[in-house]
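Next come the chains, spelled out residue by residue.
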Amino acid sequence: MGNVYLITGASSDVGCALIERLYQEGDLFIAQGAGDLKGLADLCKAHPGAIRTYDVDLTNEAALCAFIEDVQKNCPAPTHFVHLPALRVVNTKFKKFDEDRFELDLSVQVRSAVALCKAFVPAMAKARKGRVLFMLTSYLLGMPPKNTAAYVMAKSALAGLAKSLAADYASFGVTVNCVAPGVIETDMMASFSAEDKAALAEETPLGSLGSPEQVAKAILFLASDDADYITGQVLGVNGGLVV
C-alpha cells in the first residue's frame, strides 16, 4: 500500500486536479464530495479501485460522524489529510450579515476539519509521519475585499486551527500547512462576467487568473517528502497579487 489520501472537497476543480497529480500506483484516495461526485467519474474510471468516493453533507453532523466511522472501519489510516471545501463567497454588507449562512460555512470549513483532525491526526502522530493541508484564501494575506466578513472569519478560524495543530504535532513528524489561492478560475467564479475576469487578470502581476492545476501543484509540494521541514506555513498562490 502506498499513501492514503483523505481529501474533502475532492470533487472540486482543485480536488480533481490534485488527485490527477498525486496518483501513483498503490495509492488510495478517500474522496469526499457533496452531491457532485460525478466530477470524479473520469478519475475513478482512469484509476479503478484507487478512489473510494463518499457523498457527505459536511453541514450534517450525523452524516459527518457516519463518514468518519466508515473510513475508520473500512479504510487504512490516512497518511495525508487535505481539506478543500468551502461555500461560494457571498458579498454582503455587514449590516445584512447572514448568521445562518455563516453557520453553514463554519460547519463546512471549520467544524468538519476539527472532527476529521481529531479522528485521524492522532494516528498519523502514532506512525510518526503525516501531512495535513488546508485551503485558505489570499484574502487573509492582505486587506480583504469589502463585504466578505463571513468568508474571511471562517478562513481565519481554519488558519488558527492549522497553526495550533502545527505546534501540537511537529514533534510527532506531522506537518500542517496551508495554501492561500488568489483569483482561481473554477466553478466558484461562475457568476463572474468575462469583463470581470479580464479586469482581475489585469490586476494580477503575472497577467492571468490562476488555474486549479497551479493550486494543486502547490498542495502537491507541501504534501511531499520534499516539504518535510516545513510546517505552520501559508503558501500564497496568487500570481503576485498579494506580496
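Keep in mind that this is a model prediction, so the values were computed, not measured.

Chemist: Which parts of the structure should I look at to understand the overall build of the protein chain?
Modeler: Helices and strands together make up the secondary structure of the protein chain, namely 7 helices and 7 strands. What you see in the protein chain, going N to C, is helices and strands ordered as β-α-β-α-β-α-β-α-β-α-β-α-α-β. In terms of overall size, the protein chain behaves like a compact globule, its C-alpha atoms giving a radius of gyration of 17 Å where 243 residues would be expected to give roughly 18 Å. Taken across its 243 residues, the protein chain has 44% of its residues classed as buried. In the protein chain, once contacts between residues fewer than 6 apart in sequence are set aside, the share between residues at least 24 apart is 71%. With the model as given, the accessible surface of the protein chain reaches about 12,400 Å², and the carbon-plus-sulfur share is 53%. With 21 positive and 27 negative side-chain charges, the protein chain shows a separation of 4 Å between the mean positions of the two kinds.

Chemist: So what exactly am I meant to see when it comes to a positive patch on the surface here?
Modeler: Where like charges cluster on the molecular surface, the positive patch consists of Lys93, Lys95, Lys96 and Lys146. Classification of Lys146 by relative accessible area gives exposed; the value is 72%.

Chemist: Quick question: what am I supposed to make of the nonpolar core here?
Modeler: Within soluble globular proteins, side chains that are nonpolar tend to cluster in buried spots. In terms of nonpolar packing, the biggest core is built from 34 residues, with Ile30, Phe67, Phe81, Leu116, Val132 and Phe134 touching the most fellow members. Those elements that provide at least two residues to this core are β1 (4-8), β2 (28-33), α3 (61-74), α4 (99-127), β5 (130-135), α5 (149-169) and β6 (174-181). When sequence neighbours within four positions are dropped, the list of residues in contact with Val132 reads Phe81, Cys117, Val121, Met124, Val174, Thr175, Val176 and Asn177. Ranked by size, the runner-up nonpolar core spans 29 residues in total, among them Ala10, Phe29, Val179 and Val237.

Chemist: Just checking my understanding: could you explain unusual backbone geometry for this structure?
Modeler: Residues apart from glycine generally show negative phi values, whereas peptide bonds are mostly found in trans. The phi dihedral of Arg128 is positive, around 65 degrees, even though this residue is not glycine. With respect to the secondary-structure elements, Arg128 resides in the loop between α4 and β5. One non-glycine residue, Asn147, adopts positive backbone phi at about 65 degrees. Here Asn147 shows up in the loop between β5 and α5.

Chemist: Could you clarify how one ought to interpret the layout of surface pockets in this entry?
Modeler: Empty space among the atoms becomes visible once a probe the size of a water molecule is rolled across them. Here the second largest pocket is characterised by a volume of approximately 310 Å³. Every residue lining the second largest pocket is counted, 20 residues in all, and those nearest its centre are Asn3, Tyr5, Thr79, His80 and Ala223. Of all the secondary structure elements, the ones that give two or more residues to the lining of the second largest pocket are α1 (13-22), α4, β5 and α7 (212-223). Of all the elements, α4 adds the most residues to the lining of the second largest pocket, at 3 residues. Taken together, the residues of the lining of the second largest pocket break down into 9 nonpolar, 6 polar and 5 charged.

Chemist: What's the story with the pattern of salt bridges in this structure? I'm lost.
Modeler: For side chains of opposite charge, pairing can occur when their charged atoms come near one another. For the structure shown, the criterion picks out 2 salt bridges. Between Glu103 and Arg111 there is a salt bridge; the shortest N-O distance is 2.8 Å. Under the relative-accessibility criterion, Glu103 is labelled partly exposed at 37%. The salt bridge partner of Asp225 is Lys129, with a shortest N-O separation of 3.3 Å. Taken together, the positions of Asp225 in the loop between α7 and β7 (234-237) and Lys129 in the loop between α4 and β5 put the pair 96 residues apart, joining distant regions of the chain. You can call Lys129 partly exposed: its relative accessible area is 47%.

Parameters at a glance
- Residues numbered from 1 in each chain as written.
- Predicted model: local features only at pLDDT ≥ 70, side-chain atom pairs only at ≥ 80, totals over all residues.
- Heavy atoms only, no water.
- Helix = DSSP H or I, 4+ residues; strand = E, 2+ residues; numbered from the N terminus.
- Rg over C-alpha atoms; globule rule 2.2 N^0.38 Å.
- Buried < 20%, exposed > 50% of the residue type's maximum accessible area, 1.4 Å probe, protein only.
- Contact = heavy atoms within 4.5 Å.
- Areas by Shrake-Rupley, 256 points an atom, 1.4 Å probe, with all protein chains shown as cover.
- Lys, Arg positive; Asp, Glu negative; His and termini not counted.
- Charge placed at Lys NZ, Arg CZ, Asp CG, Glu CD.
- Patch = residues over 30% accessible without salt bridge, like charges linked within 9 Å, V, L, I, M, F, W, Y side chains within 5 Å.
- Salt bridge = Lys/Arg side-chain N within 4 Å of Asp/Glu carboxyl O.
- Core = buried A, V, L, I, M, F, W, Y, C linked by side-chain atoms within 4.5 Å.
- 1 Å grid on protein atoms, 1.4 Å probe; cavity = no way out; pocket = protein on both sides within 12 Å on 5 of 7 lines; lining within 4 Å.
- Points joined across faces, edges and corners; volume = space filled by probe spheres on them.
- Nonpolar A, V, L, I, M, F, W, Y, C, P; charged D, E, K, R; others polar.

By themselves, these are just geometric observations and shouldn't be taken as functional.
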